[in-house]
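Below, each chain spelled out in residue letters.
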Amino acid sequence: MAKFLAGEPEPPTEVPGLAAWFEQITALKQQGKRIERVRVHDDPPTDYQRWERWIGRWNVEAGEEIHYLTRARAHEIGLLPAAGDVDWWLLDSSRLIMMRFDQVGHRISNELVTDPATVVQACAWRDLAVHYAAPTNARSAAA
């Protein structure tokens, strides 16, 4: 990200952890699975969010679907603050992973959640977010 902010971005395909993620997305898509996310961002986006939008091009090219929703719009539709400030991945209709971060944004833990009521609520939030978010494609993700 520092190289991106300095105007000399490093292609993410050359970063081992990111390259492995893109390969995983491609493999999952080839298995017929769907990888989709909604990124809630500030308007204007923070430096980190601008970097995420730039790197999103490679996610999309690998097969991921990315949608964007401004924080203000997330509040208007009732997604926030209801969904909280925890990042999470909904794996399917019975499992989700809650990710916890420290004050500077480093992930400190992942928690697998299988409680049916919690997962159903996450499904509803996902549906709400996807419905109102703007989809992107490889060209617009680079903007």
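As a reminder, the structure under discussion sits directly above these lines.
From a predicted model like this one, the values you see are computed outputs, not experimental measurements.

Rules behind the numbers
- Residues numbered from 1 in each chain as written.
- Predicted model: local features only at pLDDT ≥ 70, side-chain atom pairs only at ≥ 80, totals over all residues.
- Heavy atoms only, no water.
- Helix = DSSP H or I, 4+ residues; strand = E, 2+ residues; numbered from the N terminus.
- Rg over C-alpha atoms; globule rule 2.2 N^0.38 Å.
- Buried < 20%, exposed > 50% of the residue type's maximum accessible area, 1.4 Å probe, protein only.
- Lys, Arg positive; Asp, Glu negative; His and termini not counted.
- Charge placed at Lys NZ, Arg CZ, Asp CG, Glu CD.
- Pairing = 2+ DSSP bridges.
- Axes fitted to C-alpha atoms, helices over the stretch in contact; angles between N-to-C directions.
- Contact = heavy atoms within 4.5 Å.
- Salt bridge = Lys/Arg side-chain N within 4 Å of Asp/Glu carboxyl O.
- Parallel < 35°, antiparallel > 145°, perpendicular 65-115°, else oblique.
- Left-handed = near helix turned anticlockwise from the far one by under 90°.
- Nonpolar A, V, L, I, M, F, W, Y, C, P; charged D, E, K, R; others polar.

Student: Is there a simple way to explain the overall build of the protein chain in this structure?
Tutor: Along its length, the protein chain carries 6 helices and 6 strands. Along the protein chain, helices (α) and strands (β) appear in the sequence α-α-β-α-β-α-β-β-β-α-β-α when read from the amino end. The C-alpha radius of gyration computed for the protein chain amounts to 15 Å, which stays within 12% of the reference 15 Å derived for 143 residues, consistent with globular compactness. Principal axes of the C-alpha set define a box for the protein chain whose edges measure 45 × 35 × 30 Å. Each of the 143 residues in the protein chain was classed as buried or not, and the buried ones make up 31%. Of the charged side chains in the protein chain, 16 are positive and 20 negative, and the gap between their average positions amounts to 4 Å.

Student: Would you mind going over the sheet that holds strand β3 (residues 87-90) with me for this structure?
Tutor: Spatially, the 3 strands line up as an open sheet ordered β3-β4-β5, and their pairing is antiparallel. The open sheet has two free edges, formed respectively by β3 and β5 (107-113), since each of these has just one partner strand. Between one strand axis and the next, the sheet turns through 20° on average, direction left out of account. Here strand β4 (residues 96-101) runs beside β5; their pairing, made up of 6 bridges, is antiparallel. From the neighbouring strand, R100 faces β5, where its bridge partner is S109. Packed onto the sheet, helix α5 (residues 116-132) meets β3, β4 and β5 and runs at close to 95° relative to β3.

Student: Please explain the pattern of salt bridges as it appears in this structure.
Tutor: Where charged atoms from two side chains of opposite charge approach closely, those side chains can pair. Overall, the coordinates contain 12 salt bridges when judged by the stated rule. Residue R73 is joined to E76 by a salt bridge in which the shortest nitrogen-to-oxygen separation is 2.9 Å. Taken as a pair, R73 and E76 lie in helix α4 (residues 71-76) at a separation of 3 residues, close to a single helical turn. One salt bridge connects D92 with R95, and the closest N-O pair in it is separated by 2.8 Å. In this structure D92 comes out as partly exposed when scored by relative accessible area, which is 29%. One salt-bridge network, held together by shared partners, links R34, E36 and E65.

Student: Which parts of the structure should I look at to understand unusual backbone geometry?
Tutor: With the exception of glycine, most residues fall at negative phi, and the peptide bonds are largely trans. P44 follows D43 through a cis peptide bond whose omega is 5°. Relative to the helices and strands, P44 is located in the loop between β1 (36-41) and α3 (47-62). A cis geometry characterises the amide bond from L80 onward to P81, with omega recorded as 5°. If you trace the backbone, P81 turns up in the loop between α4 and β3.

Student: I keep staring at the packing of helix α2 (residues 16-30) against α3 and nothing clicks. Help me out?
Tutor: Where α2 contacts α3, the two axes come as close as 8 Å, and the packing angle between them is 40°. Considering the angle they form, α2 stands oblique to α3. For the pair α2 and α3, the sense of crossing is right-handed. Where α2 approaches α3, its residues L18, W21, F22, I25, T26 and K29 are matched on the opposing element by W51, I55, W58, N59 and A62. Here the contact of α2 with α3 is composed, by residue class, of 8 nonpolar, 2 polar and 1 charged.

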